[in-house]
Amino acid sequence: MNQLKSLQFHTASAKETEALGEAIGELLVPGTVVALYGNLGAGKTTITRGMARGLKIEDMIHSPTFNLLHEHKGLIPLYHFDVYRLTDSSDMEDLGYEEYFYSSGVTIIEWSEIIADILPPDHLEIHLNADSDMRTIIITSTGNKTDLILRGLNNLQ
Ligand code: ADP
Ligand code: MG
């Protein structure tokens, strides 16, 4: 199979970013870790809201900035982290992060760069860049499992 490294998308509204998130969410499988990158207001929570919808989760999705983690029940449980307030990954040990990252749930992490050293080798990277209401969204796979997700997404285009 040819190497498919990453896909680039452009969205013009929060609604469009959420729709892209929904398409991604439908492709996520148990054990997937999604690492989100992008400045404040880039759309990390918005795309997470879409992925939750794709996972058929009905809860309201908000940034867990103060709680660090929101757990959402679903056919596949969703662990939504926002590690903005952490300086590095050391606090994640106390939280027992491995039970989430290496579980049969889906883990989505906002501000992943802060805990880059503990991300599983195979994860889906999503970079969001804002320019007024436009967002450039680059999705990259880093292993065999997330390659399949990227391929699935490519087939929808
Ligand atoms: P983050 O979690 O990265 O801080 P949020 O998803 O909470 O960002 O917020 C993104 C903000 O940008 C929201 O207010 C949303 O309405 C707005 N917005 C405008 N255009 C877009 C777009 N194309 N995609 C995503 N969000 C957008
Ligand atoms: Mg957020």
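To start, this report covers the structure provided alongside it. This is a predicted model, so every value here is computed, not measured. By convention here, each chain's residues receive numbers from 1 onward along its written sequence. To read the labels, note that chains go from A and ligands from 1, taken in the order they are written. With pLDDT at 70 or above as the cut-off, local features in this predicted model cover only qualifying residues; side-chain atom pairs require 80 or more to be listed or tallied, and sums for whole chains, interfaces and linings still use all residues. As a convention, hydrogens and water are excluded, and side-chain values are obtained from all of the structure's heavy atoms.

## Some details on the overall build of the protein chain
When you go through the protein chain residue by residue, the secondary structure sums to 5 helices and 7 strands. Across its three principal axes, the protein chain shows a C-alpha extent of roughly 40 × 35 × 30 Å. Relative accessible area decides the class of each residue, using a 1.4 Å probe on protein chains only: under 20% of the type maximum gives buried, over 50% gives exposed, and in between gives partly exposed. The buried share among the 157 residues of the protein chain stands at 52%. Throughout, a contact is declared for two residues whenever any of their heavy atoms are within 4.5 Å. Considering only residue pairs separated by 6 or more positions, the protein chain has 64% of its internal contacts joining residues 24 or more positions apart. Residue burial considers only the protein chains on display, and all accessible areas are found by Shrake-Rupley using a 1.4 Å probe. Taken as a whole, the protein chain presents about 8,100 Å² of accessible surface, with 50% of it coming from carbon and sulfur. The distance from the centre of the 11 positive side-chain charges to the centre of the 22 negative ones in the protein chain is 7 Å. Helix numbering and strand numbering both begin at the N terminus, where a helix is a DSSP run of H or I of at least 4 residues and a strand a DSSP run of E of at least 2. When charges are counted, Lys and Arg are positive and Asp and Glu negative, with His and the chain ends excluded. One atom stands in for each charge, and that atom is NZ of Lys, CZ of Arg, CG of Asp or CD of Glu.

## Concerning the side chain of Thr45
Among the secondary structure elements, Thr45 is positioned in helix 2 (residues 44-54). Polar contacts, as counted here, are pairs of nitrogen or oxygen atoms within 3.5 Å of one another; within protein the pair requires one atom able to donate a hydrogen and one able to accept it, and residues that are adjacent in sequence qualify only if both atoms are side-chain atoms. In this structure the side chain of Thr45 is engaged in a polar contact, spanning 2.7 Å, whose partner is the side chain of Glu110. Those residues in contact with Thr45, other than ones at most four positions away along the chain, are Ile61, His62, Ser63 and Glu110.

## Thoughts on the environment of Ile115
Within the secondary structure, Ile115 is located in the loop between strand 5 (106-110) and strand 6 (124-131). For Ile115, a relative accessible area of 0% gives the class buried. Note: C-alpha distance between Ile115 and Tyr84 (31 residues apart in sequence) is 9.8 Å. Leave out the neighbours within four places in its chain, and Ile115 touches Val83, Leu86, Asp88, Ser89, Met92, Phe101 and Ile109.

## Overview of the site of ligand 1
Whether a residue is near a molecule or strand depends on its heavy atoms: if one lies within 4 Å, it is near. In the region of ligand 1, 16 residues are neighbours, and Thr17, Gly41, Lys44, Thr46 and Asp133 sit closest. Within the backbone of Gly41, one N or O atom sits 2.8 Å away from an oxygen atom of ligand 1. Within the side chain of Thr46, an N or O atom sits 2.5 Å from an oxygen atom of ligand 1. Contact with the protein chains hides 73% of the accessible area of ligand 1, taken as 570 Å² for the molecule alone. When contributions to the shell around ligand 1 are tallied by element, the ones reaching two or more residues are helix 1 (14-25) and helix 2.

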